[in-house]
Amino acid sequence: MSRKEALKEFERHRSDLFGLAYSMLGSVAVSNDIIQEAYIRWHNTETDDIRSPKAYLHTIVSRLCLDELKSARNNRETYVGPWLPEPLVTTSDAQQRLEVSELISTAFLVMLESLSPVERAVYLLRELFGYEYAEISDIINKSEANCRKIAQRAREYVKLQRPRFSPDKEKQHELLQSFKKAIARGDVDQLKELLAEEAVLYSDGGGKRTAARKPIYGDDKISRFIMGIASKERGNFDISPKIINNLPGFSVSVNDELHGIWSFHIHEGKISNIYVVLNPDKLRHLD
């Protein structure tokens, strides 16, 4: 395979490789670094000897991600407040290119965080990319029988915890517009009406920006919390609609500087989860 053909082959798998890395790590920056490292290894390998480029590249990325998660474990355990993935701002075209679809949603990534690194890798390789257990065994260096057990355990957990989505994009847009208007008017009752009674708000400041240290539960507490924030910055807010991790959301700028990224998990016509990323380290790639 010529260098040009090798590059073309790598680019054919880039989107899937990024989806795998990002689903594993929840970091745009680190995922891009891993994809770059995978390309370097691919570039320096005699590709004619590789039977399946896809499996070879997924093996590299999976192992790099597992190594990264092991080294990052202490940071995750001592993280200040709720941990949320780095927001991925997408467009309609990008959503179609990323075959992972809802699997890169904030709601799903937060749920995956409860799995061990190996469980996450096995689940994604099996359920997302359709690898056989013998192939997964080679990728993560565990027996085929062990991979089957890991996959079953992860699948049962995901089945119980997997968030449900409302696919109606038009209704999602209308709900977000009403949310924005309620904030602009300072109408806490209207805002509360848009939230599910058992809604949850997660805010990730990472100890570097003021945020709730614990999740906020319930439509009443959440609506008052949001209005409290808005009242302090009234007139300085700029809210721009975005697609965040394939969920409806928006960016919030204060005094023309990006302050946070909000995304919303909507189910049955109500906002059930709100994810607010305020940690400036997780917003740097968006600047």
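This is a predicted model, so every value here is computed, not measured.

### Focus on the sheet that holds strand 1 (residues 89-90)
Strand order across the open sheet formed by seven strands is 1-4-5-6-7-2-3, with mixed pairing between neighbours. The open sheet is flanked by strand 1 and strand 3 (216-217), the only strands paired with a single partner. Relative to strand 5 (residues 247-254), strand 4 (residues 237-244) runs antiparallel, the two being bridged by eight bridges. Following the sheet pairing, S240 is matched in strand 5 by S251. The strands touched by helix 9 (residues 169-185) within the sheet are strand 4, strand 5, strand 6 (257-267) and strand 7 (270-277), with strand 6 carrying the most contacts at an inclination of about 130°.

### Some remarks on the pattern of salt bridges
Enumeration over the complete set of coordinates arrives at 14 salt bridges. A salt bridge links E37 to R41; its shortest N-O distance comes to 2.9 Å. Here E37 pairs with R41, and both are found in helix 2 (residues 28-43), just four residues apart, close to one helical turn. Accessibility expressed as a relative area gives 37% for R41, which makes it partly exposed. Between E193 and K270 there is a salt bridge whose closest N-O contact spans 3.7 Å. Of this pair, E193 sits in helix 10 (residues 188-193) while K270 is found in strand 7, placing the two residues 77 residues apart along the sequence. Its relative accessible area of 28% is what places K270 among the partly exposed residues.

### Looking at unusual backbone geometry
The backbone phi angle of N245 is positive, close to 50°, even though this residue is not glycine. Assignment of secondary structure puts N245 in the loop between strand 4 and strand 5. When its relative accessible area of 0% is taken as the criterion, N245 is described as buried. The phi dihedral of D256 falls on the positive side, at around 70°, and the residue is not glycine. Exposure remark for D256: the relative accessible area of 79% places this residue in the exposed category.

### A word on helix 2
End to end, helix 2 covers 22 Å across 16 residues, agreeing with the expected 22 Å (1.5 Å per residue, within 8%). Those residues of helix 2 that sit buried are V28, S31, I34, I35, A38 and W42. Buried residues of helix 2, seen end-on, are gathered within an arc of 125° and therefore sit on one face of the element. Its side-chain oxygen 3.1 Å from the backbone nitrogen of V30, S27 forms the N-cap of helix 2.

### Here we look at the nonpolar core
Grouped together as the largest cluster of nonpolar side chains are 46 residues, with contacts concentrated most on M24, V61, L112, I136 and I140. Elements with a contribution of two residues or more to this core: helix 1 (3-25), helix 2, helix 3 (53-77), helix 5 (106-112), helix 6 (117-128), helix 7 (133-140) and helix 8 (144-161). The leading source of residues in this core is helix 1, at nine residues. For V61, the contacting residues outside a window of four places in its chain are L17, L20, A21, I34, I35 and A38. Residues I183, I226, M227 and V252 belong to the second largest nonpolar core, which totals 28 residues.

The rules behind these values
- Residues numbered from 1 in each chain as written.
- Predicted model: local features only at pLDDT ≥ 70, side-chain atom pairs only at ≥ 80, totals over all residues.
- Heavy atoms only, no water.
- Pairing = 2+ DSSP bridges.
- Helix = DSSP H or I, 4+ residues; strand = E, 2+ residues; numbered from the N terminus.
- Contact = heavy atoms within 4.5 Å.
- Axes fitted to C-alpha atoms, helices over the stretch in contact; angles between N-to-C directions.
- Salt bridge = Lys/Arg side-chain N within 4 Å of Asp/Glu carboxyl O.
- Buried < 20%, exposed > 50% of the residue type's maximum accessible area, 1.4 Å probe, protein only.
- Expected span 1.5 Å × (residues − 1).
- Arc of directions from axis to C-beta.
- Polar contact = N/O pair within 3.5 Å; in protein donor to acceptor, adjacent residues only side chain to side chain.
- Core = buried A, V, L, I, M, F, W, Y, C linked by side-chain atoms within 4.5 Å.

Purely spatial values, then, with no claim about function.
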